[in-house]
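Here are the chains, one letter per residue:
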Amino acid sequence: MNETMVCAVGNVATQPVYRDLASGASARFRLAVTSRYWDREKNSWTDGHTNFFTVWANRALATNVGASLAVGEPVIVQGRLKVRTEMRDGQSWTSADIDAVAIGHDLARGTSAFRRSAGPPKGEAAAPPRPEPSWETPVDDEGGTGAQQRREPAAVT
């Protein structure tokens with residue numbers, strides 16, 4: 001596949017528009033991505049140029065975008081970049097769209113509460129249920145012959 005996959009980190013710039021079409025659900029919104037750099041003269045961080053992308057989501061992703069995102073929220077968008085050039089009223093216009101594969105809140109800038117969708121949309125097969133893995137480290141019983149395991153701190157500061 002020769003596609004340009006991108007990961008953009010920015011803010012939701014427009015209220016997501018949700019549409020239920022014959023071909024399935026669709027949603028779109030504008031994403032503002034502003035670069036930041038360290039200005040040595042001011043001795044502070046400064047905003048650079050802002051790029052705007054139209055983000056398109058389809059099917060279950062579109063439904064979840066419509067229910068989850070609002071203007072101003074920090075998000076991470078992964079998808080296929082599509083740059084289009086067209087003529088309007090004698091002028092050449094260029095736009096950059098992202099056909100989203102995944103969208104999520106940027107947890108580096110806030111918290112989010114995840115809620116699983118009610119179920120798979122019509123026409124999609126349900127994934128078989130998977131048991132939750134056990135993350136606990138087994139501890140040898142007192143009669144065991146192995147070396148005693150002791151708990152180590154996750155991080156030392």
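None of the values given here were measured: they were computed from a predicted structure.

Parameters at a glance
Residues numbered from 1 in each chain as written. Predicted model: local features only at pLDDT ≥ 70, side-chain atom pairs only at ≥ 80, totals over all residues. Heavy atoms only, no water. Core = buried A, V, L, I, M, F, W, Y, C linked by side-chain atoms within 4.5 Å. Buried < 20%, exposed > 50% of the residue type's maximum accessible area, 1.4 Å probe, protein only. Helix = DSSP H or I, 4+ residues; strand = E, 2+ residues; numbered from the N terminus. Contact = heavy atoms within 4.5 Å. Phe/Tyr/Trp six-rings, centres within 6.5 Å; stacked < 30°, edge-to-face > 60°. Lys NZ or Arg CZ within 6 Å of the ring centre and 35° of its normal. Salt bridge = Lys/Arg side-chain N within 4 Å of Asp/Glu carboxyl O. pLDDT = per-residue confidence, 0-100. Polar contact = N/O pair within 3.5 Å; in protein donor to acceptor, adjacent residues only side chain to side chain. Pairing = 2+ DSSP bridges.

**With respect to the nonpolar core**
Phase 1 of the analysis: Membership of the largest hydrophobic core comes to 19 residues, with the highest contact counts inside it found for Phe-29, Leu-31, Val-55, Val-65 and Val-77.
Phase 2 of the analysis: Looking at this core, the element that brings in the most residues is strand β3 (residues 24-39), giving five residues.
Phase 3 of the analysis: Contact partners of Val-77, with chain neighbours within four places excluded, come to Val-6, Cys-7, Ala-8, Phe-29, Leu-31, Val-55, Ile-98, Ala-100, Ala-102 and Ile-103.

**Re the packing of aromatic side chains**
Phase 1 of the analysis: Applying the stated criterion across every chain yields a total of one aromatic pair.
Phase 2 of the analysis: Between Trp-38 and Trp-45, the ring centres sit 5.6 Å apart and the planes meet at 75°, which makes this aromatic pair edge-to-face.
Phase 3 of the analysis: Residue classification places Trp-38 among the partly exposed residues on the basis of a relative accessible area of 40%.
Phase 4 of the analysis: Seen from the ring of Trp-93, Arg-88 lies directly overhead, with NZ or CZ sitting 5.2 Å from the centre.

**Describing the pattern of salt bridges**
Phase 1 of the analysis: Inspection of every chain in the model, using the stated rule, returns eight salt bridges.
Phase 2 of the analysis: Notably, a salt bridge pairs Asp-99 with Lys-82, separated by 4.0 Å at the nearest N-O pair. Of this pair, Asp-99 sits in strand β6 (residues 91-105) while Lys-82 sits in strand β5 (residues 74-88), and the two are 17 residues apart along the sequence.
Phase 3 of the analysis: Across the pair Glu-86 and Arg-84 runs a salt bridge whose closest N-O atoms are separated by 3.3 Å.
Phase 4 of the analysis: By relative accessible area, which is 40% here, Arg-84 ends up partly exposed.

**Remarks on the side chain of Asp-106**
Phase 1 of the analysis: Among the secondary structure elements, Asp-106 is positioned in the segment after β6.
Phase 2 of the analysis: The buried category is assigned to Asp-106, whose relative accessible area is 10%.
Phase 3 of the analysis: For Asp-106, the contacting residues outside a window of four places in its chain are Val-9, Pro-74, Val-75 and Ile-76.

**A word on unusual backbone geometry**
Phase 1 of the analysis: Unusually for a residue other than glycine, Asn-43 sits at a positive phi of about 55°.
Phase 2 of the analysis: Its place among the elements puts Asn-43 in the loop between β3 and β4 (44-58).
Phase 3 of the analysis: Of note in the backbone geometry, Asp-89 takes a positive phi value of approximately 55° without being a glycine.
Phase 4 of the analysis: Mapped onto the secondary structure, Asp-89 falls in the loop between β5 and β6.
Phase 5 of the analysis: Judged by its relative accessible area of 84%, Asp-89 falls in the exposed class.

**Describing the confidence of the model for the protein**
Phase 1 of the analysis: For the protein, the average pLDDT comes to 86, and 75% of its residues sit at 70 or higher.
Phase 2 of the analysis: Looking at the elements of the protein, mean pLDDT is at its lowest for strand β2 (residues 17-21), recorded as 94, and at its highest for strand β1 (residues 5-12), recorded as 97.

**As for the environment of Ser-68**
Phase 1 of the analysis: Tracing the backbone shows Ser-68 in helix α1 (residues 59-68).
Phase 2 of the analysis: The exposure class of Ser-68 is partly exposed, given its relative accessible area of 39%.
Phase 3 of the analysis: With 52 residues separating them in the primary sequence, Ser-68 and Pro-16 have C-alpha atoms 9.4 Å apart.
Phase 4 of the analysis: If near-sequence neighbours (up to four positions away) are discounted, Ser-68 is found in contact with Glu-73 and His-105.
Phase 5 of the analysis: Of the polar contacts made by the side chain of Ser-68, one reaches the backbone oxygen of Asn-64; its length is 2.8 Å.

**A short note on the pairing of β6**
Phase 1 of the analysis: Where β4 and β6 come together, three bridges link them in parallel fashion. Looking across to β6, one finds that Thr-54 is bridged to Asp-97.
Phase 2 of the analysis: Taken together, the 14 bridges between β5 and β6 define a ladder with antiparallel strand orientation. Residue pairing in the sheet places Leu-81 in a bridge with Ile-98 of β6.
Phase 3 of the analysis: Counting the residues in the hairpin turn of β5 and β6 gives two residues, including Asp-89, whose phi is positive at 55°.

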